[in-house]
Amino acid sequence: MNLGERPGPTDPTRDPTPSDHRPLHEPSPTIKQKNFDLLLAGLRRPGPIALNRPLQLFIEVTSACNLRCVKCALSYDLSLNKGSMIPFSVFSRLSDFFDAAVEVQTFGFGEMFLYPFLRNLVELLKRHDCRVAGVTNGTHLREADVEWLVANRYDDLTFSIDGATAETMRRLRGADLGHILERLDRIAEAKATAKSRFPRIIVNFVAQADNFRELPELVRLLTSRNVFFLGVNPLHHVYGPSGPYEEYYEKHCLGTVSRAEFEAVIAEAARLAETAGIQFQNYVSPDFEWRPSRAADVASQLQDDEASEPLPAMYCRYPWTTLYLAANRTAKVCCYMSQHENLGTFSTVADAADVWNGPKLMEVRDAIRKGRVHPACRQCVRHRTYETHGAVMRGIRESLAQSNSLVGAPAQFRTPVHESVHSSVLSGIG
């Protein structure tokens with residue numbers, strides 16, 4: 001099947017790999033809690049070997065995308081346009097990793113609804129009691145997808161919306177804003193019919209010089225559409241040899257406009273969101289976006305990481321908690337690492353375990369625990385995106401609290417879970 005072809009609705013009683021319905025030796029929440037306890041034990045005296053397995057997985061089910069957003073790496077790096085996808089059979093061999101993972105993101109550099117077995121994967125992950133989240137451009141979401149997303153209680157579904165006008169969305173993403181809003185309405189209707197809160201709808205807005213003024217109007221458009229959270233991220237920075245994206249970034253990054261005007265727009269959007277009952281968070285770092293030497297940085301930064309501001313030991317914990325499995329079956333730590341990083345290949349649990357405690361990932365951990373910058377981590381460190389790890393861990397703790405409270409407990413005794421947003425809106429992919 002070509003990735004551009006959509007399969008019909010899958011028979012919910014069947015699965016491409018029936019063997020995945022194996023009984024677990026102990027409840028998956030128990031395994032996840034033990035895995036979390038191993039993480040905490042290991043972090044007391046951190047070393048290059050992780051005692052635990054990943055608590056968070058990114059699964060880039062496909063690298064194919066039906067859009068060519070002007071800010072996306074797929075539009076600038078032709079080597080990424082492979083249209084790869086992970087065969088579903090691979091997932092039946094990763095059961096031990098799914099047992100241990102608390103959260104699984106079903107997206108990467110590609111549109112996840114182009115993956116023909118997405119529903120099957122989500123059903124598999126739910127059998128392993130994983131919290132599931134992902135990002136979509138919203139243009140390939142069918143009626144059948146809406147139905148199974150609600151039926152399977154997909155946890156957090158993030159839509160990438162970068163404007164409040166049809167013209168802006170066509171220019172920046174080549175997408176039909178009206179169609180995306182209609183899909184949001186349809187999900188809200190399906191959730192109301194099912195009397196369900198899931199999937200919680202998140203909107204990720206990538207702010208740049210030519211669209212940030214539309215943010216308050218976008219909040220108004222979302223007010224009646226049962227949106228849970230709106231996050232604002234900056235246009236993704238890139239360091240390295242000069243090229244087309246660097247030119248685009250220099251022209252449209254927030255540092256080219258008034259910081260005071262941007263902050264006033266953010267304040268208005270936050271006020272509107274609060275009135276509408278939409279949680280709102282601005283992830284733009286003013287000190288980075290409006291740094292004095294922005295233009296010189298592109299050419300000169302990262303030449304000597306050790307000469308920059310010293311970093312504390314263990315400044316980042318992603319290499320001890322997170323693993324990103326790409327569509328071409330290579331692995332890296334997280335979505336902030338370059339698509340060209342390859343810490344190893346995977347097809348089975350043994351392969352994934354070899355990557356997780358393999359020499360390349362151990363080298364990354366060793367650098368971080370000594371407060372050094374590994375070459376694979378340069379972009380993240382310059383933008384300080386590793387600081388988002390605290391938000392990720394809060395979500396994992398809350399998911400564990402919910403899972404543990406559901407094991408054998410009557411509804412009236414279940415622990416309430418605080419509202420939190422997981423990594424899809426914090427990712428370097430938008």
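Now for a quick tour of the structure. Nothing here was measured: the structure is a model prediction, and the numbers come from that model.

What follows deals with the overall build of the protein chain. Helix and strand counts for the protein chain stand at 17 helices and 9 strands. Of the contacts formed within the protein chain by residues at least 6 apart in sequence, a portion of 77% connects residues at least 24 apart. Of the accessible surface of the protein chain, which amounts to about 17,900 Å², a share of 53% is contributed by carbon and sulfur atoms.

For the rest of this paragraph, the subject is the packing of helix H5 (residues 143–151) against helix H7 (residues 177–194). Remark: H5 packs on H7, axes separated minimally by 10 Å, with the N-to-C direction vectors making an angle of 40°. Between H5 and H7, the interaxial angle falls into the category oblique. The element H5 and its partner H7 pack so that their crossing is right-handed. Contacts between H5 and H7 involve Glu143, Val146 and Val150 on the former and, on the latter, Arg183, Arg186, Ile187, Ala190, Lys191 and Ala194. Taken together, the residues of the contact of H5 with H7 break down into 5 nonpolar, no polar and 4 charged.

What follows is about helix H15 (residues 359–369). Within H15 the residues assigned to the buried category are Leu361, Val364, Arg365, Asp366, Ala367 and Ile368. In this fold, the buried residues of H15 make contact with helix H13 (318–321), strand E8 (322–325) and helix H14 (349–356). Positive backbone phi, at 75°, marks Gly371, one or two positions downstream of H15.

A few words now on H14. What H14 keeps buried is the set Val349, Ala352, Val355 and Trp356. The arc that holds every buried residue of H14, seen down its axis, measures 125°, which confines them to one face. Residues of H14 that are buried in the fold lie against helix H3 (95–100), H13, E8, strand E9 (331–332) and H15. Of the residues flanking the start of H14, the one acting as N-cap is Thr348, its side-chain oxygen 3.3 Å from the backbone nitrogen of Ala350.

Reading the values: the criteria
As a convention, each chain's residues are numbered from 1 in the sequence order in which they are written. In keeping with the model being predicted, local features are shown solely for residues with a pLDDT of at least 70 and side-chain atom pairs are shown and tallied solely at 80 or more, while totals for entire chains, interfaces and linings include all residues. Based on all heavy atoms of the structure, the side-chain values leave hydrogens and waters out of the count. Counting from the N terminus, the helices are DSSP H or I runs at least four residues long and the strands are E runs at least two residues long. By definition, residues are in contact when any of their heavy atoms lie within 4.5 Å. What sets the accessible areas is the Shrake-Rupley method with a 1.4 Å probe; for residues, cover comes only from the shown protein chains. Fitting a line to C-alpha atoms yields each axis, with helices limited to the stretch in contact; the angle taken between N-to-C directions then spans 0 to 180 degrees. Orientation categories follow fixed angle ranges, with anything under 35 degrees roughly parallel, anything over 145 roughly antiparallel, 65 to 115 roughly perpendicular, and all other angles oblique. For any pair of crossing helices, the crossing counts as left-handed if the nearer helix is rotated counterclockwise from the farther one by less than a right angle, and right-handed if it is rotated clockwise. Ten residues, namely Ala, Val, Leu, Ile, Met, Phe, Trp, Tyr, Cys and Pro, are considered nonpolar, four, namely Asp, Glu, Lys and Arg, are considered charged, and the remaining ones, Gly among them, are considered polar. Working definition: with a 1.4 Å probe on protein chains only, accessible area under 20% of the residue-type maximum means buried, over 50% means exposed, and in between means partly exposed. The arc in question is traced by the directions running from the helix axis to the C-beta atoms. Polar contacts, as used here, are pairs of N or O atoms within 3.5 Å; protein pairs need one atom able to donate a hydrogen and one able to accept it. Residues neighboring in sequence count only if both atoms are side-chain atoms.

Everything listed here is a matter of geometry and, on its own, says nothing about what the molecule does.
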